Amino acid sequence: MIGSISPVGTQLLSKPTSIVPEAGAAAGAGVASSFAAALADAAAQTQATLRQAEQLSLAGLQGKADTREVVDAVMSAEQALQAAVAIRDKIVTAYLEVSRMGI
């Protein structure tokens, strides 16, 4: 089951940091929190899609769900997972680029 997967957004964004100087911290905080909220929302939607696909797969194995519904749910879950991995890769790449910048 997917129950062992914890929400990604709460782990990654539990301590949001800002690279904005102290003078502009108020303006930067709104952008950081909206990005954090958007990322957490996307992670929650991905997790819900994966859970739905798993439940429909189990129902399909028990003969309670139509094959087309199972295939649609699994394909949707696959797309959501690929998008989540792509977003993660972009975030890691951006972090590495920022960490290599000279100060």
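Treat the numbers as computed from the prediction; the structure is a model and nothing was measured.

Caption draft 1: Summary view of the overall build of the chain. The helix and strand inventory of the chain stands at three helices and zero strands. Starting at the N terminus and walking to the C terminus, you meet the elements of the chain as α-α-α. Among the 103 residues that make up the chain, the fraction classed as buried is 16%. Partitioning the intrachain contacts of the chain with sequence separation of at least 6 by distance along the chain shows that 68% fall at a separation of at least 24. Roughly 7,900 Å² of accessible area belongs to the chain as shown, and the carbon and sulfur atoms make up 63% of that amount.

Caption draft 2: Quick look at the pattern of salt bridges. Overall, the coordinates contain two salt bridges when judged by the stated rule. Arginine 68 is paired through a salt bridge with aspartate 72; the nearest N and O atoms lie 3.9 Å apart. With arginine 68 and aspartate 72 both in helix 3 (residues 67-100), this residue pair falls four residues apart, about one helical turn. On the basis of relative accessibility, which here comes to 60%, the residue arginine 68 falls in the exposed class.

Caption draft 3: A look at a nonpolar patch on the surface. Taken together, the side chains of Phe35, Ile87 and Ile91 present a nonpolar region at the surface, about 270 Å² in accessible area. Given the relative accessible area of 35%, isoleucine 91 is considered partly exposed.

Caption draft 4: A look at the confidence of the model for the chain. In this model, the chain carries a mean pLDDT of 80, and residues with pLDDT of at least 70 account for 70%. When pLDDT is averaged over each element of the chain, helix 3 comes out on top at 95 and helix 1 (residues 8-12) at the bottom at 45. For the stretch residues 1-24, pLDDT sits under 50, and the model shows 19 contacts to residues farther than four places along the chain or on other chains.

Caption draft 5: Here's a closer look at the environment of serine 99. Looking at the secondary structure, you find serine 99 in helix 3. Taking the relative accessible area as the measure of exposure, serine 99 reaches 45% and is therefore partly exposed. Side-chain polar atoms of serine 99 contact the backbone oxygen of leucine 96, separated by 2.8 Å.

Caption draft 6: Fine view of the side chain of threonine 49. By the secondary structure assignment, threonine 49 is in helix 2 (residues 25-61). Those residues in contact with threonine 49 that sit more than four places away from it in its chain are Ser76, Ala77 and Ala80.

Definitions and limits used
Throughout, residues of each chain are indexed from 1 in the direction in which the sequence is written. Only residues with pLDDT of at least 70 get local features here, since the model is predicted, and only at 80 or more are side-chain atom pairs given and counted; chain-wide, interface and lining totals rely on the full set of residues. Each side-chain value is worked out from all heavy atoms of the structure, with water and hydrogens disregarded. Strands here mean DSSP runs of E at least two residues long; helices mean DSSP runs of H or I at least four residues long; both are numbered from the N terminus. Per-residue accessibility, obtained with a 1.4 Å probe over protein chains only, is compared with the maximum for each type, and a residue is labelled buried under 20%, exposed over 50%, and partly exposed between these values. A contact between two residues is defined here by any heavy atoms of the two lying within 4.5 Å. Throughout, the Shrake-Rupley method with a 1.4 Å probe supplies accessible areas, and for residues the shown protein chains are the sole cover considered. The salt bridge criterion pairs a side-chain nitrogen of Lys or Arg with a carboxyl oxygen of Asp or Glu, the two atoms within 4 Å. A patch is a set of surface residues, each over 30% in relative accessible area and not in a salt bridge, joined within 9 Å for like charges and within 5 Å for the nonpolar side chains Val, Leu, Ile, Met, Phe, Trp and Tyr. One number per residue, pLDDT, summarises how confident the predictor is, and it ranges from 0 to 100. Whenever a nitrogen or oxygen atom comes within 3.5 Å of another N or O atom, the pair is scored as a polar contact, on the condition that within protein one atom can donate a hydrogen and the other can accept it, and that pairs from neighbouring residues in sequence are kept only if both atoms are in side chains.

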